[in-house]
Each structure stands twice: as structure tokens, then as C-alpha cells.
Amino acid sequence: QVQLVESGGGLVQAGGSLRLSCAASGSIFSINAMGWYRQAPGKQRELVARITSGGSTNYADSVKGRFTISRDNAKNTVYLQMNSLKPEDTAVYYCNAETVRVGVREDYWGQGTQVTVSS
């Protein structure tokens, strides 16, 4: 199993920045990719950014050029640097880890951290 602990959410004004962190522990050798998802009230959870074990990244169109996902392998931590924040970025942000064991994908989730962007 994989345990994920997030930190770094908070309240920020539009145009500001925040950095989210997600520390993984447990069966980290089984992780193929990690990512950040978000869920706003009344909306479905959506992928924000993802980084594979090989370092490939992908982003939601709405955050391209503003958000950057990165990782520190020594610390088993993934970061999401969020710049030029907009009120529509307000959501609960969840860290995700994708694992595959004996051909079966299993996802793990953090507890979520609130990001609120005021106008």
C-alpha cells in the first residue's frame, strides 16, 4: 500500500502563488505515476497535472503555463507549483499515486487540501 500526505493549501488572492506538496510512503516502488486532481463544489474530480516515473508530464489545458508538477525522488515527494492563480482554481486538491501490481492498476489518494483563490 501507499500512503500520501499533502500539505500547502490555503487562501490566496487572485494572481498569487501556492505550492502543494505530497509525500509518499509505503510501497513506493510500485508507483508508476503521481498526479494532482481537484474537485470544486458540484463538479467532478478532474486531473490537474501528472508526472510519470520516467519524468513525463501532462497538464489540464486550464492550467498549462501556470502550474508546474515536479518531484524529488530522494524525498519521495511530488510538488505542484501554482502561479497566476484564478478564482476558478478554487477546489480541494488531491494527490494521487498510480500503482500496477500483477497487471492490476490501483490508485491511492491523499486526504485533500483546500485551495481558495479570492478575487
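What you are looking at is a predicted structure, and each value in this text was computed from that prediction instead of being measured.

Analysis parameters
- Here, residues in each chain are numbered from 1, in the same order as that chain's written sequence.
- Selection of residues for local features in this predicted model requires a pLDDT of at least 70, selection of side-chain atom pairs for listing and counting requires 80 or more, and totals for whole chains, interfaces and linings are taken over all residues.
- Based on all heavy atoms of the structure, the side-chain values leave hydrogens and waters out of the count.
- Only DSSP runs of H or I reaching four residues or more are called helices, and only runs of E reaching two or more are called strands; each is numbered from the N terminus.
- Two things to know: the radius of gyration comes from C-alpha atoms, and the globule rule equals 2.2 Å times the number of residues to the power 0.38.
- Burial here depends on accessible area, computed with a 1.4 Å probe over protein chains only, as a share of the maximum for the residue type. Under 20% is buried, over 50% is exposed, and the range in between is partly exposed.
- Any pair of residues with heavy atoms lying within 4.5 Å of one another is described as a contacting pair.
- Computed by Shrake-Rupley with a 1.4 Å probe, the accessible areas treat only the displayed protein chains as cover when residues are assessed.
- Counted charges follow a simple rule, with Lys and Arg positive, Asp and Glu negative, and His plus the chain ends left uncounted.
- The atom standing in for a charge is NZ when the residue is Lys, CZ when it is Arg, CG when it is Asp and CD when it is Glu.
- By convention in this document, the label disulfide applies to cysteine sulfur atom pairs within 2.5 Å.
- Here the nonpolar core consists of buried residues drawn from Ala, Val, Leu, Ile, Met, Phe, Trp, Tyr and Cys, with membership extended through side-chain atoms lying within 4.5 Å.

Enquirer: Can you help me understand the overall build of the chain in this one?
Expert: What the chain contains, in helices and strands, is zero helices and eleven strands. Across the chain, helices and strands are ordered from the amino to the carboxyl terminus as β-β-β-β-β-β-β-β-β-β-β. Here the chain has a C-alpha radius of gyration of 14 Å; the compact-globule value for 119 residues is 14 Å, and the two agree. Taking the principal axes of the C-alpha coordinates as reference, the chain spans close to 45 × 30 × 25 Å. The buried share of the chain, taken over its 119 residues, is 42%. Counting contacts in the chain only where the partners sit at least 6 residues apart, residues at least 24 apart contribute 53% of the total. By element, 48% of the accessible surface of the chain is carried by carbon and sulfur atoms, the whole surface being about 6,200 Å². If the 12 positive side-chain charges of the chain are averaged to one point and the 9 negative ones to another, these points end up 3 Å apart.

Enquirer: What is the right way to read unusual backbone geometry from this model?
Expert: Peptide bonds are trans in most cases, and residues, glycine excluded, mostly fall at negative phi. Phi at S84 takes a positive value of approximately 50 degrees, unusual for a residue other than glycine. Secondary-structure assignment places S84 in the loop between β8 (77-82) and β9 (91-101). With phi around 45 degrees, V102 is a residue other than glycine that occupies positive phi space. Structurally, V102 can be placed in the loop between β9 and β10 (104-109).

Enquirer: Would you take a moment to explain the environment of E88 for this structure?
Expert: Examined against the element boundaries, E88 turns out to sit in the loop between β8 and β9. Each C-alpha atom of the pair E88 and V104 lies 35 Å from the other, and the pair is 16 residues apart in sequence.

Enquirer: Just to check I follow, could you spell out the state of the cysteines for this structure?
Expert: Covalent bonding between the sulfur atoms of two cysteines is what defines a disulfide. In total, this model carries one disulfide according to the counting rule given. Note on cysteine connectivity: C22 is disulfide-linked to C95, with sulfurs 2.0 Å apart. As the torsion about the S-S bond is roughly -85 degrees, the C22-C95 disulfide counts as left-handed. Of this pair, C22 sits in strand β3 (residues 18-26) while C95 is found in strand β9, placing the two residues 73 residues apart along the sequence.

Enquirer: Mind showing me how you'd approach the nonpolar core here?
Expert: The nonpolar side chains of a soluble globular protein tend to be buried, and buried together. Of all hydrophobic cores here, the largest spans 29 residues; its most connected members are L4, M34, W36, L80, M82 and Y93. Looking at this core, the elements with two or more residues in it are β1 (2-7), β3, β4 (31-39), β5 (46-52), β7 (67-72), β8, β9 and β11 (113-118).

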